[in-house]
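Here is how the chains run, residue by residue.
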Amino acid sequence: PDRAVPSETIAAIATASGRGGVGIVRLSGRTIGAYAQALCGKLPVPRVATLVDFLAADDSLLDTGLILYFPAPYSFTGEDVIELHGHGGPMVLQLLLSRCLDLGARLAEPGEFTRRAFLNGKLDLAQAEAVADLIDASTVAAARSAVRSLHGDFSREIHFLLDQLTELRALTEATLDFPDEEIDFLEAADAFGRLDRLQARLASVRDRAHQGRLLQSGLHVVIVGQPNVGKSSLLNRLAGDELAIVTPIAGTTRDVVRGSLQIEGIPLHVIDTAGLRETNDEVERIGIERTWREIERADVVLLLVDARVGVTPADAEIIARLAPGIVRITVCNKADLAGCPVARSQTRDGVEIRLSAKTGEGIGLLRDELLRIAGWHPAEDVFIARERHLRALADTGNHIGMARAQLPQLELFAEELRLAQRALSSITGEFTADDLLGEIFGRFCIGK
Ligand code: GDP
Ligand code: ZN
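Just so it is clear, the model here is predicted, and its values are computed rather than measured.

(A) Spotlight on the pairing of strand 4 (residues 61-70). Where strand 3 (residues 50-55) lies against strand 4, 6 bridges are found, and the strand directions are antiparallel. Across the sheet, the residue bridging to Val52 is Gly65, located in strand 4. Between the antiparallel neighbours strand 3 and strand 4 lie 5 residues, among them Asp59 with a positive phi of about 70 degrees. Sheet analysis places strand 4 next to strand 5 (residues 80-88), joined by 5 bridges and oriented antiparallel. Paired with Phe70 across the strands is Val81, a residue of strand 5.

So this is what it looks like as structure tokens:
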């Protein structure tokens, strides 16, 4: 695509803020040589780490460190890039960055380095998104699948499908030029067979992408229930041996806590709410409203009740307020006190699981149920994916289905194939509106 690639030199601190052994300032642009000259008195040998003194405008010493020079096009952005590896302190790096800005560079916007890499054809859009997803990964499984996407596994699948579509379109167009042979075409080109194989391959890609989206965005779970039924205990138990980060949400009801944990590598965002009780307290009321908004966004609501008591009228009020489509599991806690065995059962109101948060018995049933709801099945070859990708894949499938329905009308068949191809190629970014690019790259951190 012939998008204009900006030529200004951009600069940013590329390492995380805070203190560390090493910190990196990165510059990218068309004429980087002058910067290197001013910063350390020479243009270093390409791709060789060179120990230099970084100098201020008055030649005083800013820091001593390594400089790396990657001439275009063999760099992350595809432009000339230099990296200044200094000591990893906020003041040192700020000094180095300020010096670069004084020399004429502009502070990079979030994701601007990656955006330039995309515009220069170093990465496609799915790979660029994988860069952000790798950095944001909160579980090992998410990180591994992001690397797979970054490496191009997902993009290769998309390109394979695109090639098949292109071939079929070419065959169709050729036949359209010889109207007498239309019927022969369907047989000769094995149009139905090709469509079937395309759909099957697409289905497998969609499955892998669906798993990947789970790893990317996780499952949002809300635990609701009356005071003392064991919400906090359940949250801790679900976290198990894994690292549970449980933090109170400032400014809301005292009892609302958020936990980030994982089940089989899927990030689980859990909110444990205090009772959603009627209140006259303004602060608490705001907290409760916020909780309801969280509940409306959740994938799963766990309604926790005491197994000895069952669903109370107060619980029934909560149930009545839930959106009709929302997935709900009733968890009957304190099975140890109720003296009944742990179990999963299907009731008129959905799935019910009896367990004990205290002893841990029955927790496996709940974990399995959550995985089932998420649609997770363990796989080795998951690539990270986003909602946007899933929508494009679904759209592609619809158009292939419609193409099939149009046969033997070849013009309409060809048109549906074109639309399928268009939907599919939006994943890798061949046809992508600028505002979508802005939205995607705007969510990156600065310096990436
Ligand atoms: P929350 O107010 O809903 O968050 O409830 P907590 O998790 O703070 O639990 C309230 C009390 O019930 C605590 O004393 C817990 O130890 C106890 N508790 C929670 N779950 C169980 C359980 O499964 N069995 C038993 N025996 N006690 C439990
Ligand atoms: Zn609690």
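(B) Examining the side chain of Gln127 more closely. With respect to the helices, strands and loops of the structure, Gln127 is situated in helix 4 (residues 125-136). Classification of Gln127 as buried rests on a relative accessible area of 13%. From its side chain, Gln127 meets the backbone oxygen of Leu150 in a polar contact 3.0 Å long. Ignoring sequence-local partners within four residues, the contact set of Gln127 consists of Ser149, Leu150, His151, Gly152 and Ser155.

(C) Just the sheet that holds strand 2 (residues 20-29), in detail. Strand order in the open sheet made by the 6 strands is 3-4-5-2-1-6, with mixed pairing throughout. Each edge of the open sheet carries a strand with a single partner, namely strand 3 and strand 6 (106-107). Pairing analysis gives 4 bridges linking strand 1 (residues 10-13) to strand 2, with the strands arranged antiparallel. Within the sheet, the bridge partner assigned to Ala12 lies in strand 2 and is Arg26.

(D) Broad picture of the packing of helix 4 against helix 5 (residues 140-150). Orientation of helix 4 relative to helix 5, taken along the N-to-C sense of each, is 155 degrees, at an axis distance of 8 Å. By the angle between their directions, the pair helix 4 and helix 5 is classed as roughly antiparallel. For the element pair helix 4 and helix 5, the recorded crossing hand is left-handed. Judged by residue contacts, Gln127, Ala130, Val131, Asp133 and Leu134 of helix 4 engage Ala143, Ala146, Val147, Ser149 and Leu150 from helix 5. When its residues are assigned to classes, the contact of helix 4 with helix 5 shows 7 nonpolar, 2 polar and 1 charged.

(E) Structural context of helix 2 (residues 90-102). Compared with the 18 Å implied by 1.5 Å per residue over 13 residues, the 18 Å span of helix 2 between its first and last C-alpha is a close match. Along helix 2, the residues that are buried comprise Leu93, Leu96, Leu97, Arg99 and Cys100. Summarising the axial view, the buried residues of helix 2 lie within an arc of 155 degrees, below the 170-degree limit, and thus occupy one face. Along helix 2, exposed side chains directed more than 90 degrees from the buried face belong to Met91 and Asp102. One or two positions beyond helix 2, positive phi appears at Gly104, with a value near 120 degrees.

(F) Quick look at the packing of aromatic side chains. If you walk through the whole model with that rule in mind, you get 3 aromatic pairs. Measuring from ring centre to ring centre gives 6.2 Å for Phe118 and Phe441, while their planes differ by 40 degrees; the resulting arrangement is tilted. With Phe118 in helix 3 (residues 112-119) and Phe441 in helix 16 (residues 434-442), the pair connects residues that are 323 residues apart, well separated along the chain. Across the pair, Phe441 and Phe118 agree in class, each one buried. Plain terms: the ring middles of Phe154 and Phe383 are 4.6 Å apart, the flat faces sit at 25 degrees to each other, and that makes the pair stacked. Residue Phe154 is found in helix 6 (residues 153-176), and its partner Phe383 is found in the loop between helix 13 (363-374) and helix 14 (387-406); the two are separated by 229 residues along the sequence.

(G) Spatial organisation of the site of ligand 1. Taken together, 15 residues are adjacent to ligand 1, and Asn228, Lys231, Ser232, Ser233 and Asp336 come closest. Val229 is positioned such that a nitrogen or oxygen atom in its backbone is 3.4 Å from an oxygen atom of ligand 1. Ser233 has a polar side-chain atom sitting 2.6 Å from an oxygen atom of ligand 1. Within the complex, 74% of the 580 Å² of free accessible area of ligand 1 lies under protein. For the shell around ligand 1, the secondary-structure elements that each account for two or more residues are helix 9 (231-239) and helix 12 (335-338). Considering only residue class, the shell around ligand 1 consists of 4 nonpolar, 7 polar and 4 charged.

Reading guide: rules and limits
Residues numbered from 1 in each chain as written. Chains lettered and ligands numbered in written order. Predicted model: local features only at pLDDT ≥ 70, side-chain atom pairs only at ≥ 80, totals over all residues. Heavy atoms only, no water. Pairing = 2+ DSSP bridges. Helix = DSSP H or I, 4+ residues; strand = E, 2+ residues; numbered from the N terminus. Buried < 20%, exposed > 50% of the residue type's maximum accessible area, 1.4 Å probe, protein only. Polar contact = N/O pair within 3.5 Å; in protein donor to acceptor, adjacent residues only side chain to side chain. Contact = heavy atoms within 4.5 Å. Axes fitted to C-alpha atoms, helices over the stretch in contact; angles between N-to-C directions. Parallel < 35°, antiparallel > 145°, perpendicular 65-115°, else oblique. Left-handed = near helix turned anticlockwise from the far one by under 90°. Nonpolar A, V, L, I, M, F, W, Y, C, P; charged D, E, K, R; others polar. Expected span 1.5 Å × (residues − 1). Arc of directions from axis to C-beta. Phe/Tyr/Trp six-rings, centres within 6.5 Å; stacked < 30°, edge-to-face > 60°. Near = heavy atom within 4 Å. Areas by Shrake-Rupley, 256 points an atom, 1.4 Å probe, with all protein chains shown as cover.

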